[in-house]
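Notes for the structure review
Now for the letters of each chain:
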Amino acid sequence: MQATIGCSWNHCTYCDMYRDKQYRVRDLDEVLRDVDDAGRAHGPRVDKVFVADGDALGMPMDHWLPLLERVRARLPRVRQVSSYAMARNVGHKSDAELAALADAGLTMLYVGPESGDDVTLRRVAKGDGFAEHVEAAARAHAAGMRLSIIALLGIGGERWREHAEQTARLVTEMDPAYFSALTVTVVPGTPLATLRARGKFEVPPVPDLLRELREMIRLARPTRAVFRTNHASNYLPLAGELPADRDRLVALIDGAIEGRVPLRPEGARGL
Ligand code: SF4
């Protein structure tokens, strides 16, 4: 459900998702008409709604609450509404507002800290650091929301070890229900591509990316998180639950590092 256009931050050096879009909140009446249309076309079959775009949680409450109310009215089988969120989007909402959103149905936030390493977070202009992400997670949980968090393999460049260790620590602290890892792709036209052209950034070689992933899984201690690396950008698709499957996942990565477990061919990878 397209409620905002673009990303209100739009500075992350690796991201080209909304680079050519001017951020704006869509007209509420238009969005509500979209919900009505969706209800007529698909009403009884829809059980999940994702509210776009890049950091839709930042939308004001006087848009969020009517939207969630209309979703409940027109899509009665919906059991989860979710959106992307930056840590700062959570920070800009009060505890009462977050609780009101969760009560109205917004029960899952997708947060992409990408790294727990503050040096890396500053380099990629993420806008929020380790502490802000931990606080955002605690407040979202207190409001009754679940979290899906995303890490970006390779984004630490030569700091791969610090990136892995601190990301594992961040996963432990944020304690998400879902944790996934993607692999960084240097997209032409982004600041990251400029840095690479100047010799200031390079994606680590594949064995280091695998070691990075291994360290994240080995060290992270979420209470219970579904873990996935099935995104097309990854060399090694994995699926499991942490901490229950930690040893099995680490053994698979060791197998990949030693050449016993095949990797996704370079040509089969995508953004
Ligand atoms: S917050 Fe997300 S959508 Fe916005 S620039 Fe960063 S990575 Fe892209």
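Description of the structure in this document. (Residues numbered from 1 in each chain as written. Predicted model: local features only at pLDDT ≥ 70, side-chain atom pairs only at ≥ 80, totals over all residues.)

**Considerations on the overall build of the protein**
To be explicit about the condition: Only runs of H or I of at least four residues qualify as helices and only runs of E of at least two qualify as strands under DSSP, and these elements are numbered from the N terminus. Throughout, the radius of gyration refers to the C-alpha atoms, and the reference size of a globule is 2.2 Å times the residue count to the power 0.38. Once C-beta atoms are placed from the backbone, each residue is buried if 20 or more other C-beta atoms lie within 10 Å of its own, exposed if 12 or fewer, and partly exposed for counts between those two. Contact definition: two residues whose C-beta atoms, as placed from backbone geometry, lie within 7 Å.
Secondary structure summary: the protein contains 10 helices and nine strands in total. Its C-alpha atoms give the protein a radius of gyration of 19 Å, within 12% of the compact-globule value 18 Å for 271 residues. For the protein, the spread of C-alpha atoms along the principal axes amounts to about 55 × 40 × 35 Å. The buried share among the 271 residues of the protein stands at 39%. Counted over contacts in the protein with a minimum sequence separation of 6, partners at least 24 positions apart contribute 80%.

**Digging into helix 7 (residues 160-174)**
For clarity, the cut-off: Working rule for helices: expected span equals 1.5 Å times residues minus one.
Taking 1.5 Å as the rise per residue, helix 7 with 15 residues should run 21 Å; its terminal C-alpha atoms sit 20 Å apart, in good agreement. The set of residues buried in helix 7 consists of Trp-160, His-163, Ala-164, Gln-166, Thr-167, Ala-168, Leu-170, Val-171 and Met-174.

**Quick word on the site of the ligand**
The condition is simple: In this entry, near means the residue's backbone-placed C-beta atom lies within 6 Å of the molecule or strand. In this classification, Asp, Glu, Lys and Arg are treated as charged, Ala, Val, Leu, Ile, Met, Phe, Trp, Tyr, Cys and Pro as nonpolar, and every other residue, Gly included, as polar.
Taken together, the neighbourhood of the ligand is formed by Cys-7, Trp-9, Asn-10, His-11, Cys-12, Cys-15, Met-17, Tyr-18, Gly-54, Asp-55, Met-86 and Gly-112. Residues that form the shell around the ligand fall into these classes: seven nonpolar, four polar and one charged.

**What to know about unusual backbone geometry**
The peptide bond linking Ala-52 to Asp-53 adopts the cis configuration, its omega dihedral lying at 10°. Along the chain, Asp-53 turns up in the loop between strand 3 (48-51) and helix 2 (61-74). Put simply, Leu-242 and Pro-243 share a cis peptide bond, and its omega is 10°. Phi is positive for Asp-175, which is not a glycine, with a value near 50°. Given 19 C-beta atoms within 10 Å, Asp-175 falls into the partly exposed group.

**Digging into the sheet that holds strand 4 (residues 80-84)**
Convention followed: Being paired, for any two strands, means DSSP has found at least two bridges between them. For helices, the fitted line uses only the C-alpha atoms of the stretch in contact; every axis is such a line through C-alpha atoms, and the angle between N-to-C directions lies from 0 to 180 degrees.
The strand order across the open sheet formed by seven strands is 3-4-5-6-7-8-9, and the pairing between neighbours is mixed. Whereas interior strands pair on both sides, the edge strands pair on one side only; in this sheet they are strand 3 and strand 9 (239-242). Pairwise comparison of adjacent strand axes, ignoring direction, gives a mean angle of 25° for this sheet. Bridge count between strand 3 and strand 4: four bridges; the pairing is parallel. When the bridges of strand 4 are listed, Val-51 appears paired with Ser-83.

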